[in-house]
Amino acid sequence: MKVRTESSNFSENKTEKKADLHTHTTYSDGSLAPSELIKKARASGVDILGITDHDSVNAIEESIEIGKEFGVEIVPGVELSSAIDDREIHVIGYFVDRKNKDLLEHLTFSRGERLKRAERIVEKLNSINIPLKLDAVLEKAGPGAVGRPHIANALLDEGLTASYVEAFSKYIGYGGPAYEKKHSLSPEDTIALIASSGGLSFLAHPGKYTTDMVLHRLMKSGLDGIEVVHPSHTPEKVQHYHNIVSQYFLLESGGSDFHGGKRNDDGALGSYNVPTAWIQEMKERLF
Ligand code: AMP
Ligand code: FE
Ligand code: FE
Ligand code: ZN
């Protein structure tokens, strides 16, 4: 058994590299392009940066190249949406083979489903006299996998909602009049897809909305690790998930879930770091 060396409260060791393993770019719903994100990471003191776009690995290759220029090591990742009934369960795959045929097919399919869903949401909005145009949403999405954050921002830009958060609470959030479910695999199939493409699967931000019962179900299905550090986790939750990881010999990860700074998350990058030993343990599990 491996002896853990980091302290359980993950207190920052000044000589250690800063590692943030959860961020988004314009290839999903982040507002910074890979180069901008990497520059901001560098400026925030981040040495190791995980890029985990929703349903896309398209940022990774260019990020690795740009990272070399700026002295930022890129940990490749992808955040997949799965669900049990209506409950969303996000699973991050680290170090997947970005050329794996099944994975790429799934990502392309999921992005197509996201587009169809955005069309349905716009239709629902129009039917309740909110005159949002699909083009305004697509403009927000740019090259990215289109999601509700783009719709919320388009509503805000067009003056059709008072705030980003109101767009969710009034219209497109769960149970709202323009809510539409996203196409999702089961978490078991998601974990299997990540494994078959050579990656490691991590349950993302479990403290947000995943019960420990579901967590145990996923552990039985081959989940490799848990995202322990996340802005939505209280120190008690961080400790709780760290204890589960230790008890069941899982891996652990974490990061800021930084989306570019437009969601009151401007200070997040560089503020949610994990010990570099966690990344080393991931690499050891892979090879
Ligand atoms: P999607 O993947 O298209 O369903 O969009 C999900 C994203 O929308 C989440 O990752 C959040 O960033 C955001 N989101 C979901 N619900 C809310 C909410 N009630 N308030 C603000 N943002 C939300
Ligand atoms: Fe997101
Ligand atoms: Fe997520
Ligand atoms: Zn995320």
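Before reading further, recall that the structure is shown in the block above.
In what follows, the accompanying structure is described. (Residues numbered from 1 in each chain as written. Chains lettered and ligands numbered in written order. Predicted model: local features only at pLDDT ≥ 70, side-chain atom pairs only at ≥ 80, totals over all residues. Heavy atoms only, no water.)

1. Some points on the overall build of the protein
Inference 1: A count of helical and extended segments in the protein gives eleven helices and seven strands.
Inference 2: Its C-alpha atoms give the protein a radius of gyration of 19 Å, near enough to 19 Å, the size a compact globule of 287 residues would have.
Inference 3: For the protein, the proportion of its 287 residues judged to be buried stands at 53%.
Inference 4: Within the protein, counting contacts between residues at least 6 apart in sequence, those at least 24 apart form 72% of the total.
Inference 5: Here the protein displays about 13100 Å² of accessible surface, and carbon together with sulfur accounts for 52% of that area.
Inference 6: For the protein, the separation between the mean place of its 33 positive charges and that of its 42 negative charges on side chains is 1 Å. (Helix = DSSP H or I, 4+ residues; strand = E, 2+ residues; numbered from the N terminus. Rg over C-alpha atoms; globule rule 2.2 N^0.38 Å. Buried < 20%, exposed > 50% of the residue type's maximum accessible area, 1.4 Å probe, protein only. Contact = heavy atoms within 4.5 Å. Areas by Shrake-Rupley, 256 points an atom, 1.4 Å probe, with all protein chains shown as cover. Lys, Arg positive; Asp, Glu negative; His and termini not counted. Charge placed at Lys NZ, Arg CZ, Asp CG, Glu CD.)

2. Quick word on the site of ligand 1
Inference 1: Inspection of the region around ligand 1 gives Glu 88, Arg 114, Arg 117, Gly 147, Arg 148, Pro 149, Tyr 164, Phe 168, Lys 182 and Arg 263 as its neighbouring residues.
Inference 2: At 2.8 Å, a backbone N or O of Arg 148 approaches an oxygen atom of ligand 1.
Inference 3: Isolated, ligand 1 exposes 500 Å² of accessible area, and the fraction of that covered by the protein chains is 73%.
Inference 4: Those elements that provide at least two residues to the shell around ligand 1 are helix 3 (101–127), helix 5 (148–157) and helix 6 (164–172).
Inference 5: Class assignment of the residues belonging to the shell around ligand 1 gives a composition of three nonpolar, one polar and six charged. (Near = heavy atom within 4 Å. Polar contact = N/O pair within 3.5 Å; in protein donor to acceptor, adjacent residues only side chain to side chain. Nonpolar A, V, L, I, M, F, W, Y, C, P; charged D, E, K, R; others polar.)

3. What about the coordination of the iron ion (ligand 3)?
Inference 1: The iron ion (ligand 3) binds to the protein through Glu 79 (OE), His 90 (ND1) and His 205 (NE2), with metal-donor distances spanning 2.0 to 2.3 Å.
Inference 2: Taken in chain order, the donor set of the iron ion (ligand 3) reads E-x10-H-x114-H.
Inference 3: Between the iron ion (ligand 3) and the iron ion (ligand 2), a separation of 5.6 Å is found. Taken as a pair, Glu 79 in strand 3 (residues 73–84) and His 205 in the loop between strand 5 (200–203) and helix 8 (206–209) lie far apart in primary sequence, 126 residues in all. Across this residue pair, the class does not change: Glu 79 and His 205 are buried. (Donors = N, O, S within 2.8 Å, 3.2 Å for Na, K, Ca; no water.)

4. Considering the side chain of His 90
Inference 1: Mapping His 90 onto the fold places it in strand 4 (residues 87–94).
Inference 2: Here the side chain of His 90 touches Glu 79 through a polar contact of 3.0 Å, side chain to side chain.
Inference 3: Residues contacting His 90, with those up to four places away along its chain left out, are His 54, Glu 79, Leu 80, Ser 81, Phe 202, Leu 203, Ala 204, His 205 and Tyr 209.

5. Focus: the pairing of strand 7 (residues 251–254)
Inference 1: Alternating residues of strand 7 divide into Leu 251 and Ser 253 and Glu 252 and Gly 254, and every residue in both groups is buried.
Inference 2: Of the strand pairs in this sheet, strand 6 (residues 225–229) and strand 7 are connected by four bridges, and their pairing is parallel. Looking across to strand 7, one finds that Ile 226 is bridged to Glu 252.
Inference 3: Read from strand 6 through helix 10 (residues 235–248) to strand 7, the crossover connection turns out right-handed. (Pairing = 2+ DSSP bridges. Right-handed = clockwise from strand over helix to strand, strands pointing away.)

6. Concerning the packing of aromatic side chains
Inference 1: Counted under the stated rule, the structure contains three aromatic pairs.
Inference 2: Between Tyr 94 and Phe 202 the ring centres are 5.2 Å apart and the planes differ by 80°, which places this aromatic pair in the edge-to-face class. Residue Tyr 94 is located in strand 4, and its partner Phe 202 is located in strand 5; the two are separated by 108 residues in the primary sequence. The exposure classification of Tyr 94 matches that of Phe 202, with both residues buried. (Phe/Tyr/Trp six-rings, centres within 6.5 Å; stacked < 30°, edge-to-face > 60°.)

7. Let's talk about the coordination of the zinc ion (ligand 4)
Inference 1: The protein atoms that coordinate the zinc ion (ligand 4) are His 22 (NE2), His 24 (NE2), Glu 79 (OE) and Asp 257 (OD), at distances of 2.1 to 2.4 Å.
Inference 2: Around the zinc ion (ligand 4) sit four donor atoms; with metal-centred angles ranging over 78 to 168°, the donor geometry is irregular. (Tetrahedral: all angles 85-135°; square planar, octahedral: opposite > 155°, others 65-115°.)

8. Looking at the sheet that holds strand 2 (residues 48–54)
Inference 1: Spatially, 1-2-3-4-5-6-7 is the arrangement adopted by the seven strands of the open sheet, whose pairing is mixed. One side of each edge strand has no neighbouring strand; the edge strands of this open sheet are strand 1 (19–20) and strand 7.
Inference 2: Inspection of the sheet shows strand 2 paired to strand 3 by seven bridges, in the parallel sense. Directly across from Leu 49, in strand 3, lies its bridge partner Ile 74.
Inference 3: With respect to the sheet, helix 10 is in contact with strand 6 and strand 7, its orientation differing from that of strand 6 by roughly 155°. (Axes fitted to C-alpha atoms, helices over the stretch in contact; angles between N-to-C directions.)

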